[in-house]
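So you can see what is in the structure, the chains are spelled out below.
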Amino acid sequence: RLLSTLRQRCDIARKRLSGPGLAAEGRVLRAVLYAYHSRLLRHRPYLALQQVEQCLKRLWKMNLLGCLETLVELIPKKNASEAHAECLVPSQPMLETVALKVLGGCKLILRLLDCCCKAFLLFVKHLCSKEFILVNTVTSGLLSRLWFVIQYRCVLQTLMSLYSALSTVLHLVSETQQTPYVKGFTFPSDIDDFLGVNISSEAKNQKDKMLAIKKSTRWMKKLFPEKPEAASKIGKKRKSGTCKSAMKNYSMLCAVDTGEAVV
């Protein structure tokens, strides 16, 4: 029963980590960093965005997804008739390795959420001062999406749930035959104590900060004031030409976005 639970939670964690959301946001993030590297090298929001990209890069380089796939292959599949039969289980070194990766991944995701929140606040602040309007608008939306993908698609909660099942199996395996691989480190029984923060309250605080700066500054209304009725009527008649003119002026807008207010 414990092995079946562990397999299910590994499968859920793999789906969360390999979903299209994280990969797509990561590609957009790298594209923005590459496009504005020469112009924003010493810009505070740009440096904060680099920290976000560094956390994402470390999350992929630790190969947590590949480690979970290896663990799933070692867990035997059993039918209901074979529920009480003997079976092979993953070794203690393998379980300890995966447990370390999960603990490190949780810490790294907490750091990623914090970096996303801080970078978002910086980009909105500079957006309100009408500085680099194009890149600040795109990047603030990117950071908010990345934060919501990680938090509200339960990536962190999934890994925490996986660790609880992993810790139980590891304890039973080590009692049967002790072959410790990791020495000098005691695996925590409760991952909340290891992380040192209350996940729900921390996420709520970050969300309140991000929403508060939106409401207090009303930056979208400042940058994009409402058009008068006459202009809106003319705009409706020219719907067909709007897309074409926008495509033609896209390169001009990118060239203008050099730190000055764009009319």
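Throughout this document, residue positions are counted from 1 along each chain, in the order its sequence is written. At least 70 in pLDDT is required for a residue's local features to be given in this predicted model, at least 80 for side-chain atom pairs to be given and counted, and no such filter applies to totals for whole chains, interfaces and linings, which use all residues. Excluded from the side-chain calculation are hydrogens and water; included are all heavy atoms of the structure.

Under an unreviewed UniProt entry, the name given to the chain is NEPRO protein, and the source organism is Elachura formosa.

A closer look at helix α3 (residues 44–61)
The criterion, for reference: Here a helix means four or more residues in a row that DSSP labels H or I, a strand means two or more in a row labelled E, and each is numbered from the N terminus. Any helix carries an expected span of 1.5 Å times its number of residues minus one.
The terminal C-alpha atoms of α3 lie 26 Å apart, and with 18 residues this matches the ideal 26 Å at 1.5 Å per residue to within 8%. One or two residues past the end of α3 sits Asn63, with phi positive at roughly 55°.

Quick word on the nonpolar core
What counts here: As used here, the term nonpolar core means buried Ala, Val, Leu, Ile, Met, Phe, Trp, Tyr and Cys residues forming a set that is joined through side-chain atoms within 4.5 Å. When a residue's accessible area, from a 1.4 Å probe over protein chains only, is under 20% of the maximum for its type it is buried; when over 50% it is exposed; and in between it is partly exposed. Throughout, a residue-residue contact means that at least one pair of heavy atoms, one from each residue, lies within 4.5 Å.
In terms of nonpolar packing, the biggest core is built from 66 residues, with Leu6, Val52 and Val102 touching the most fellow members. It is helix α5 (residues 92–128) that contributes the most residues to this core, 19 residues altogether. Apart from residues lying up to four places away in sequence, Val52 is in contact with Leu29, Leu112, Cys115, Cys116, Ala119, Leu143 and Leu146.

A word on the side chain of Gln92
Among the secondary structure elements, Gln92 is positioned in helix α5. Discounting residues that sit within four places of it in the chain, Gln92 has contacts with Leu170, Val173, Ser174, Gln177, Gln178, Thr179 and Pro180.

Notes on the pattern of salt bridges
Filter applied, for reference: Think of a salt bridge as a Lys or Arg side-chain nitrogen and an Asp or Glu carboxyl oxygen that are within 4 Å of each other.
Summed over all chains, the structure comprises five salt bridges. In this structure, Arg111 and Asp114 form a salt bridge, with 3.8 Å as the shortest nitrogen-oxygen distance. In this pair, Arg111 and Asp114 are both assigned in helix α5, three residues apart and thus about one turn of the helix distant. On the basis of relative accessibility, which here comes to 22%, the residue Asp114 falls in the partly exposed class.

Observations regarding the state of the cysteines
The following threshold applies: Disulfides are defined as cysteine sulfur pairs within 2.5 Å.
Scanning all chains against the criterion turns up zero disulfides. Take Cys116: it sits in no disulfide, and the sulfur closest to it among the cysteines is that of Cys115, at 7.3 Å.

Examining the packing of helix α1 (residues 2–17) against helix α7 (residues 155–176)
Short version of the rule: Orientation is described by axes fitted as lines to C-alpha atoms, over the contacting stretch for helices, and by angles from 0 to 180 degrees between their N-to-C directions. For classification purposes, an angle smaller than 35 degrees is called roughly parallel, one larger than 145 roughly antiparallel, one from 65 to 115 roughly perpendicular, and anything else oblique. Whether a crossing is left-handed or right-handed is set by the direction in which the near helix is turned from the far one by less than a right angle, anticlockwise for left-handed and clockwise for right-handed. Classification convention: Asp, Glu, Lys, Arg as charged; Ala, Val, Leu, Ile, Met, Phe, Trp, Tyr, Cys, Pro as nonpolar; all other residues, Gly among them, as polar.
α7 packs onto α1 with a crossing angle of 150° between their chain directions and a minimal axis gap of 9 Å. The angle between α1 and α7 falls in the class roughly antiparallel. Of the two elements, α1 crosses α7, and the hand of that crossing is left-handed. Contacts from Leu2, Leu3, Leu6, Arg9, Cys10, Ile12, Ala13, Arg16 and Leu17 in α1 reach Val155, Thr158, Leu159, Ser161, Leu162, Ser164, Ala165, Leu166, Thr168, Val169 and Leu172 in α7. For the contact of α1 with α7, the class distribution of residues is 14 nonpolar, four polar and two charged.

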